[in-house]
Amino acid sequence: MLDWTDRHFRYFSRLLTRHTWLYTEMVTTGALLHGDVGRHLRFDEAEHPLALQLGGSEPDELARCARLAESWGYDEVNLNVGCPSERVQKGAFGACLMAEPALVADCVKAMRDAVSIDVTVKHRIGIDQIDSYDFLRDFVETVAAAGCRTFIVHARNAILKGLSPKENRDIPPLKYDYVYRLKRERPDLEILINGGIRTLDEIDAHLAQVDGVMVGREAYHNPYIMAHWDARYYGDPSPAPTRAEVVEQLLPYVKAKLAEGHKVRNIARHVLGLFQGVPGARQWRRMLSDARCLENADERLFLAALEGIRA
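Quantities reported herein were computed from a predicted structural model and do not represent experimental measurements. (Residues numbered from 1 in each chain as written. Predicted model: local features only at pLDDT ≥ 70, side-chain atom pairs only at ≥ 80, totals over all residues. Heavy atoms only, no water.)

Let's shift gears to the overall build of the chain. In terms of helices and strands, the chain carries 17 helices and 7 strands. Computed over C-alpha atoms, the radius of gyration of the chain comes to 20 Å, within 12% of the 19 Å expected from 2.2 N^0.38 for 311 residues, which places it in the range of a compact globule. By principal-axis analysis of the C-alpha atoms, the chain measures approximately 55 × 45 × 40 Å. Counting over 311 residues, the chain shows a buried share of 53%. The long-range share in the chain, meaning contacts at least 24 apart out of those at least 6 apart in sequence, stands at 71%. With the model as given, the accessible surface of the chain reaches about 14,000 Å², and the carbon-plus-sulfur share is 50%. Between the averaged position of the 40 positive side-chain charges in the chain and that of its 44 negative side-chain charges there is a distance of 5 Å. (Helix = DSSP H or I, 4+ residues; strand = E, 2+ residues; numbered from the N terminus. Rg over C-alpha atoms; globule rule 2.2 N^0.38 Å. Buried < 20%, exposed > 50% of the residue type's maximum accessible area, 1.4 Å probe, protein only. Contact = heavy atoms within 4.5 Å. Areas by Shrake-Rupley, 256 points an atom, 1.4 Å probe, with all protein chains shown as cover. Lys, Arg positive; Asp, Glu negative; His and termini not counted. Charge placed at Lys NZ, Arg CZ, Asp CG, Glu CD.)

Here it is, written out as structure tokens:
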């Protein structure tokens, strides 16, 4: 989720759920090998368990980046074989790699040989007009033979030409049954499902068929759904924080990041959906997205916006 699951959103998410695995935005191998490593890999210790998602197609470069992930303290490194954007296609990685399962297998093996942390793969069920279950099964079989044990399956095809990344998240039909069948046929693998999952009941239904669920857009736009996950899925008896408590717990982080030179807007944009469905939510969103309110603001802006909820 490029530009969404940055370190600020992940810290905010951790205030809602202590146990859920968090994933970074996709970071390209080029950005790590030729850019500012710290800017891409720095994170707060509170974010664990945390996976670094990589984009790339050169085994040696991915192995080097996997070593960086391990040395920086990440718990998992994930290879993205699902992103359909044209920018990613030009780099010959992302969803277009589904057409080259042997190359994906080589990438996985190189990363597994380089690190001791888990190496996982996130992918689609097919590309363009190739939408048979056999294509998905054969892809997973090839990559699993290289040692990958965990597959996160976005249950849609990726249409590489003709659809935007946004349209690729909505238009290709969801085929959850493909993922269920994959799990039945490969019970030895850890199979997680992704795509269009919005409610707790839907998560429950999927967990009856597969090992795990990845929630993306709903967790971002309606983040308080995450407050229910620790008790429901991890057996944590701790009471879920209220929305107001989450705001108050976020303030020290905001203050610390402002002292480091970060801008309030870069944090505020991630919490706009916290009060979704609650009276006063419009005022919360307005204050935290209004350029005039954000200009020269500090952590007290969040408290001011919270007053609209309490009123």
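Text resumes after the structure shown.
As a further point, take the nonpolar core. Phe151, Leu274, Trp284 and Phe302 are the most contacted members of the largest nonpolar core, which has 97 residues in total. Among residues more than four places away in sequence, those in contact with Phe302 are Val247, Leu250, Leu251, Val254, Val264, Ile267, Ala268, Val271, Trp284 and Leu288. One finds Tyr23, Ala51, Ile152 and Met214 within the second-largest nonpolar core, a separate group that totals 5 residues. (Core = buried A, V, L, I, M, F, W, Y, C linked by side-chain atoms within 4.5 Å.)

With the rule as written, the count across this model stands at 20 salt bridges. Put simply, Glu141 and Arg186 hold a salt bridge, and the shortest N to O gap is 2.8 Å. Of this pair, Glu141 sits in helix H7 (residues 133–144) while Arg186 sits in the loop between helix H9 (176–185) and strand S6 (190–194), and the two are 45 residues apart along the sequence. Relative accessible area serves as the criterion here: at 34%, Glu141 is assigned to the partly exposed category. Ionic pairing is found between Asp290 and Arg286, a salt bridge with its closest N-O pair at 4.0 Å. Here Asp290 falls in the buried class, since its relative accessible area comes to 14%. The exposure class of Arg286 is partly exposed, given its relative accessible area of 39%. (Salt bridge = Lys/Arg side-chain N within 4 Å of Asp/Glu carboxyl O.)

Another aspect to go through is the environment of Asn80. Mapping Asn80 onto the fold places it in strand S3 (residues 76–81). For the pair Asn80 and Thr242, spaced 162 residues apart in sequence, the C-alpha separation works out to 34 Å. What Asn80 contacts, discounting residues up to four positions off in sequence, is Met26, Gln53, Leu54, Gly94 and Lys122. Here Gln53 takes part through its side chain, which lies 2.8 Å from a polar atom of the side chain of Asn80. (Polar contact = N/O pair within 3.5 Å; in protein donor to acceptor, adjacent residues only side chain to side chain.)

Read across the open sheet, the 7 strands follow the order S1-S2-S3-S4-S5-S6-S7; overall the sheet is parallel. In this open sheet, the two strands that pair with only one neighbour each are strand S1 (22–28) and strand S7 (212–214). Across the sheet, the mean angle from the axis of one strand to that of its neighbour is 30°, orientation sign disregarded. Bridging between strand S4 (residues 118–127) and strand S5 (residues 150–158) involves 6 bridges; their strand directions are parallel. Bridge pairing in S5 links Val121 to Phe151. (Pairing = 2+ DSSP bridges. Axes fitted to C-alpha atoms, helices over the stretch in contact; angles between N-to-C directions.)

Let's shift gears to unusual backbone geometry. With an omega of -5°, the peptide bond running from His48 to Pro49 counts as cis. In this structure, Pro49 sits in the loop between helix H3 (37–41) and strand S2 (50–55). Despite not being glycine, Asp128 shows a phi value in the positive range, around 50°. Relative to the helices and strands, Asp128 is located in the loop between S4 and H7. Positive phi, close to 60°, is recorded for Asn296, a residue that is not glycine. Counting through the fold element by element, Asn296 comes out in the loop between helix H16 (291–294) and helix H17 (300–310). For Asn296, a relative accessible area of 77% translates into the label exposed.

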